[in-house]
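Overview (structure and organization)
Residues per chain, in single letters:
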Amino acid sequence: MILKAKVYNKIFAFQSLKEVMSKANEEKSGDELVGIAAKSASERVAAKLVLSNLTLEDIYNNPVIPYEEDEVTRAIYDGLNLRIYQEIKSWTVGYLREYILDHKTTGEDLAHISRGLTSEMIAAVAKLMSTMDLVFGSKKMRIQSHCNTTLGVPGTLAFRCQPNHPTDNVEGMLASLKEGLSYGSGDAVIGINPVEDNVETVTRLLDTVKNFMVKWAIPTQNCVLAHVTTQMKAIEKGAPVDLVFQSIAGTQKANDAFGVSATILDEAFALAQRQGTATGPNLMYFETGQGSEVSLDAHLGVDMMTLEARTYGYARGYRPFMTNNVSGFIGPETIYSGREVIRADLEDLFMGKLHGLPMGIAPCYTNHMKADQNDQEMGTLLCAMAGSNFFMGVPGGDDVMLSYQDTSYHDDASTREILGLRPLPEFEQWLEKMGILENGKLTERAGDPSIFDK
């Protein structure tokens with residue numbers, strides 16, 4: 001491998017593919033924090049030049065974390081289609097970018113080659129792409145999945161209704177849920193983050209949501225975002241679980257800190273297949289985000305973007321119903337500004353879709369970041385144009401339990417209307433039956449949660 005390039009009469013030499021990947025990354029505060037980011041714009045350009053001329057075989061032969069040392073690497077390589085890899089291994093990363101952006105290249109073409117791409121290859125090509133490149137490439141790929149309803153139907157945009165409550169109060173949660181549904185939010189999932197991670201709380205929330213879904217014949221899926229092992233215990237005791245959730249990361253060390261492994265995820269998926277309440281076949285819900293490995297001191301000298309791609313490589317073997325990215329959730333130590341979070345959201349959406357995952361984005365930020373509502377709304381619209389399968393729906397855009405800012409129920413309705421998108425078909429029929437939606441537009445009845453009190 002040639003790991004040096006000349007920019008402005010200065011030669012930049014790199015010691016490894018891992019260093020090239022790190023320094024080709026766009027500015028991120030987390031990479032700067034751990035000392036692996038490019039020290040200048042010229043060095044970043046030099047790293048991109050080097051990366052563009054490397055072949056996919058070079059990347060295959062040099063995983064950023066060795067196969068024998070890391071479970072995530074093993075999952076990526078063991079799940080690779082070697083026949084497809086052999087067909088494309090001589091491509092340079094620069095050529096892969098040109099192929100993705102070629103007008104003749106279809107989503108089906110990308111779905112085919114994706115099975116022969118490792119996560120590092122996917123991260124590498126994304127590092128060479130501009131904002132418009134990422135939107136254009138992402139839009140080509142439409143990944144569908146089915147739990148109780150089908151996610152990713154062309155012309156649709158779904159939302160997770162997220163009625164969290166700071167004390168797990170069922171009445172407060174139901175009040176938020178009713179408001180969200182009245183704005184057309186909730187077709188992706190009704191998903192609650194519990195304050196208390198125990199079987200009793202998880203079971204109570206699952207029962208409450210499932211009973212409400214049955215009473216009002218709502219075509220969606222339920223999920224309580226506790227630790228996967230808590231959900232498994234709840235399932236074994238008879239709790240009604242449609243989707244099994246877990247946060248995952250791009251290194252084995254980070255997943256160890258999350259208390260999760262391939263063995264646990266295998267058991268959870270098998271349990272959901274045997275005792276879950278969903279139709280399936282897609283029964284898992286993963287949450288990811290650039291920076292989790294940095295926050296856990298488990299990055300192993302790899303940049304945040306590449307680690308996020310590896311997270312998707314770890315996830316794709318489970319064929320999840322939803323993969324939700326929350327890169328702005330941690331704070332300024334990993335993603336400092338609105339510009340950084342918008343870039344991360346677009347990178348993550350593209351990389352996840354090129355892994356074949358049904359991707360959604362939470363274009364979120366914390367109050368101590370240099371970001372605001374305008375940044376969030378720009379990120380939302382760009383990701384919607386890029387074909388995000390779903391976004392979040394949070395009352396008032398302010399999650400009072402998790403203390404961060406996300407898309408509101410009003411944002412959900414506005415984004416659909418701006419881009420001419422519809423709810424998932426089954427959910428749209430239900431909204432029309434309830435008088436909330438007519439011919440794809442919200443009626444005067446929308447936004448009135450009292451309709452569920454009659």
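Described in the following lines is the structure provided in the data block. (Residues numbered from 1 in each chain as written. Predicted model: local features only at pLDDT ≥ 70, side-chain atom pairs only at ≥ 80, totals over all residues. Heavy atoms only, no water.)

1. Observations regarding the pattern of salt bridges
Enumeration over the complete set of coordinates arrives at 18 salt bridges. A salt bridge links R160 to E287, with the nearest nitrogen and oxygen atoms 3.9 Å apart. A residue pair is termed long-range when its members are at least 10 positions apart, and R160 in strand β5 (residues 158–161) and E287 in strand β9 (residues 284–288) qualify at 127 residues. Classification of R160 by relative accessible area gives buried; the value is 1%. We classify E287 as buried; its relative accessible area is 15%. Linked through salt bridges whose partners overlap, the residues forming this network are E19, K23 and E43. (Salt bridge = Lys/Arg side-chain N within 4 Å of Asp/Glu carboxyl O. Helix = DSSP H or I, 4+ residues; strand = E, 2+ residues; numbered from the N terminus. Buried < 20%, exposed > 50% of the residue type's maximum accessible area, 1.4 Å probe, protein only.)

2. A closer look at the environment of T288
By the element assignment, T288 lies in strand β9. Exposure remark for T288: the relative accessible area of 4% places this residue in the buried category. In the structure, T288 is positioned 20 residues away from E308 in sequence and 7.4 Å away in space, judged by C-alpha atoms. In contact with T288, not counting residues within four places along its chain, are I248, E308, T311, Y312, T323, N324, N325 and V326. (Contact = heavy atoms within 4.5 Å.)

3. Description of unusual backbone geometry
Cis peptide bonds are those with omega within 30 degrees of zero, and the linkage from G280 to P281 qualifies with 15°. Mapping P281 onto the fold places it in the loop between α15 (262–275) and β9. The residue N439 is not glycine, and still its phi comes out positive at about 55°. As for its placement among the helices and strands, N439 is situated in the loop between β15 (437–438) and β16 (441–442).

4. Quick notes on the sheet that holds strand β12 (residues 390–393)
Here we have four strands laid out as an open sheet, ordered β7-β6-β5-β12, and parallel in their pairing. Two strands bound the open sheet, and with one partner strand each, they are β7 (222–224) and β12. Geometrically, the sheet is characterised by an average inter-axis angle of 25° between neighbouring strands, direction not taken into account. As paired elements, strand β6 (residues 189–192) and β7 share three bridges and run parallel to each other. (Pairing = 2+ DSSP bridges. Axes fitted to C-alpha atoms, helices over the stretch in contact; angles between N-to-C directions.)

5. Re a nonpolar patch on the surface
On the surface, a cluster of nonpolar side chains totalling about 320 Å² of accessible area is made up of L381, M385, I418 and L419. Put simply, the parts of the chain that give the nonpolar patch at least two residues each are α19 (373–385) and α20 (409–419). For I418, the location among the structural elements is in helix α20. Residue I418 is classed as exposed on the basis of its relative accessible area, which comes to 57%. (Patch = residues over 30% accessible without salt bridge, like charges linked within 9 Å, V, L, I, M, F, W, Y side chains within 5 Å. Areas by Shrake-Rupley, 256 points an atom, 1.4 Å probe, with all protein chains shown as cover.)

6. Let's talk about the sheet that holds β9
Ordered by their spatial adjacency, four strands build an open sheet running β8-β9-β10-β11, and the pairing between neighbours is parallel. The sheet terminates laterally at β8 (244–247) and β11 (359–361), the two strands that pair on one side only. The sheet shows a mean angle of 20° between the axes of neighbouring strands, direction not considered. Examined bridge by bridge, strand β10 (residues 322–325) and β11 share three bridges and lie parallel to one another. Paired with N325 across the two strands is I361, which belongs to β11. Of the strands in this sheet, β9, β10 and β11 touch helix α17 (residues 304–315), which is tilted by about 170° from β9. Of the strands in this sheet, β10 and β11 are in contact with helix α18 (residues 338–354), which crosses β11 at around 170°.

7. Observations regarding empty space enclosed by the protein
Going through the model one piece at a time under the given rule, you end up with two cavities of 30 Å³ or more. The computed volume of the largest cavity comes to approximately 50 Å³. Forming the boundary of the largest cavity are G338, V341, I342, D345, P363, C364, Y365, A371, D372, D375, Q376 and G379. When contributions to the lining of the largest cavity are tallied by element, the ones reaching two or more residues are α18 and α19. (1 Å grid on protein atoms, 1.4 Å probe; cavity = no way out; pocket = protein on both sides within 12 Å on 5 of 7 lines; lining within 4 Å. Points joined across faces, edges and corners; volume = space filled by probe spheres on them.)

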